[in-house]
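# Structure assessment
Listed here are the chains, written in short residue letters.
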Amino acid sequence: MSDKISNKDKKDWENFISSSDKLQNKDKVNKVKVYLKIKSVDLHGYTIEEANKFIEKFINQSYLENVKKLIVVTGKGLHSQNEQDPYLSKDLSILKYSVPDFIKGNQELMKKVIEIKDADIKDGGNGAFYIYLKKSTL
């Protein structure tokens, strides 16, 4: 490497020093924060019919409001009264199974849904699920 500075480098340095342009501070990272619109509902105490009617309205309204993520808390079915009725299936009468099945079976709702998946522990774990909605076209 040479100790001499080229004339081009000297000229570039002089232009830089005399320039009034501000340099970007690289210590400050410009992050664009993306906030998801999120709504949640707790269906504890609802019957299957009440829960299905409510979730249909809830999805439709949230879709119109461009909400992206719904947190639906159903509980784990530990206190369900279905054990008293021998004609009810223990798994299918519990909201955590029946509500997602209702949504998946409703073509109009599924046009608005991207994905249904289990919730993280912080949002209810096995007693909740997420519904991710498409962007509203209205």
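Here the structure is shown first, and the text comes after it.
The following refers to the structure shown. Numbering of residues starts from 1 in every chain and runs along the sequence as written. In keeping with the predicted nature of the model, local features appear solely for residues at pLDDT of at least 70, side-chain atom pairs appear and are counted solely at 80 or more, and the whole-chain, interface and lining totals rest on all residues. Side-chain measures here rest on the full set of heavy atoms in the structure, leaving out hydrogens and waters.

A few words now on helix 2 (residues 48-64). What counts as a helix is a DSSP run of H or I of at least four residues, what counts as a strand is a run of E of at least two, and both are numbered from the N terminus. Here, expected helix span is obtained from the residue count minus one, scaled by 1.5 Å. Taking 1.5 Å as the rise per residue, helix 2 with 17 residues should run 24 Å; its terminal C-alpha atoms sit 24 Å apart, in good agreement. All of the buried residues along helix 2 are Ala-51, Asn-52, Ile-55, Phe-58, Ile-59, Ser-62 and Tyr-63. One face of helix 2 carries all of its buried residues, which in axial projection span an arc of 130 degrees. Turned more than 90 degrees off the buried face of helix 2, the exposed positions are Glu-49, Lys-53 and Lys-57. Positioned one or two residues after helix 2, Asn-66 has a phi angle of 60 degrees, which is positive. For each residue, the accessible area found with a 1.4 Å probe, counting protein chains only, is set against the maximum for its type, and the residue is called buried under 20%, exposed over 50%, and partly exposed in between. Read the arc as the range of directions from the helix axis to the C-beta atoms.

This part covers the side chain of Thr-74. If you trace the backbone, Thr-74 turns up in the loop between strand 2 (69-73) and helix 3 (95-105). Residue contacts for Thr-74: discarding those within four places in its chain leaves Leu-43, His-44, Leu-95, Lys-96, Gly-127, Ala-128 and Phe-129. Residue contacts follow a heavy-atom distance rule, with two residues in contact if any of their heavy atoms lie within 4.5 Å.

Residues with no salt bridge and a relative accessible area higher than 30% make up the patches, which join like charges within 9 Å and nonpolar side chains (Val, Leu, Ile, Met, Phe, Trp, Tyr) within 5 Å. All accessible areas in this document rest on Shrake-Rupley with a 1.4 Å probe, and a residue is counted as covered only by the protein chains that are shown. A pairing counts as a salt bridge when a side-chain nitrogen of Lys or Arg comes within 4 Å of a carboxyl oxygen of Asp or Glu. A surface patch of nonpolar side chains, about 490 Å² in accessible area, is lined by Trp-13, Phe-16, Ile-17 and Leu-23. As for its placement among the helices and strands, Ile-17 is situated in helix 1 (residues 7-18).

The next thing to look at is the layout of surface pockets. A pocket, in this scheme, is an open set of points on a 1 Å grid over the protein atoms alone with protein on both sides within 12 Å along at least 5 of 7 lines, while a cavity is a set where a 1.4 Å probe fits but cannot get out; residues line either one if an atom lies within 4 Å of a point. Grid points are joined across faces, edges and corners, and a volume is the space filled by probe spheres set on the points. If you add up the space inside the second largest pocket, you get close to 170 Å³. Residue lining of the second largest pocket: Lys-96, Tyr-97, Pro-100, Asp-101, Ile-116, Lys-117, Asp-118, Asn-126, Ala-128 and Phe-129, and that is the complete set. At the level of elements, helix 3, strand 3 (113-118) and strand 4 (128-133) are the ones that each hand at least two residues to the lining of the second largest pocket. At four residues, helix 3 tops the list of elements feeding residues into the lining of the second largest pocket. Here the residues of the lining of the second largest pocket are counted per class, giving five nonpolar, one polar and four charged. Residue type decides the class: Asp, Glu, Lys and Arg count as charged, Ala, Val, Leu, Ile, Met, Phe, Trp, Tyr, Cys and Pro as nonpolar, and the leftover types, Gly among them, as polar.

Here we come to the pairing of strand 4. By the criterion of burial, strand 4 is predominantly enclosed, with five of the six residues buried. The sheet contact formed by strand 2 and strand 4 spans five bridges and is antiparallel. Bridging from a neighbouring strand, Lys-69 pairs with Tyr-132 of strand 4. Here, any two strands with at least 2 DSSP bridges between them count as paired. Relative to strand 4, strand 3 runs antiparallel, the two being bridged by five bridges.

Located in the positive-phi region is Asn-66, a residue other than glycine, with phi close to 60 degrees. One can find Asn-66 in the loop between helix 2 and strand 2.

Turning our attention to the sheet that holds strand 2. Strands sit in the order 1-2-4-3 across an open sheet of four strands; the sheet is mixed. Each edge of the open sheet is held by one strand with a lone partner, namely strand 1 (38-42) and strand 3. Averaged over all pairs of adjacent strands, the angle between strand axes in this sheet comes to 20 degrees, irrespective of strand direction. Fitting a line to C-alpha atoms yields each axis, with helices limited to the stretch in contact; the angle taken between N-to-C directions then spans 0 to 180 degrees. Seen against the sheet, helix 2 touches strand 1, strand 2 and strand 4 and runs at an angle of roughly 170 degrees to strand 1.

Moving on, we come to the nonpolar core. As a rule of thumb, nonpolar side chains are buried together in soluble globular proteins. Residues Ile-55, Ile-59, Val-99, Ile-103 and Ile-131 are the most contacted members of the largest nonpolar core, which totals 19 residues. Contributions of two or more residues to this core are made by helix 2, strand 2, helix 3, strand 3 and strand 4. Ranked by the residues each element gives to this core, the list is headed by helix 2, at five residues. Ignoring anything within four residues of it in the chain, the contact list for Ile-131 reads Ile-59, Lys-68, Lys-69, Leu-70, Val-72, Ile-103, Val-113, Glu-115 and Ile-116. Among buried residues, the Ala, Val, Leu, Ile, Met, Phe, Trp, Tyr and Cys ones that are joined through side-chain atoms within 4.5 Å form a nonpolar core.

Don't take any of this as a statement about function, it's just geometry.
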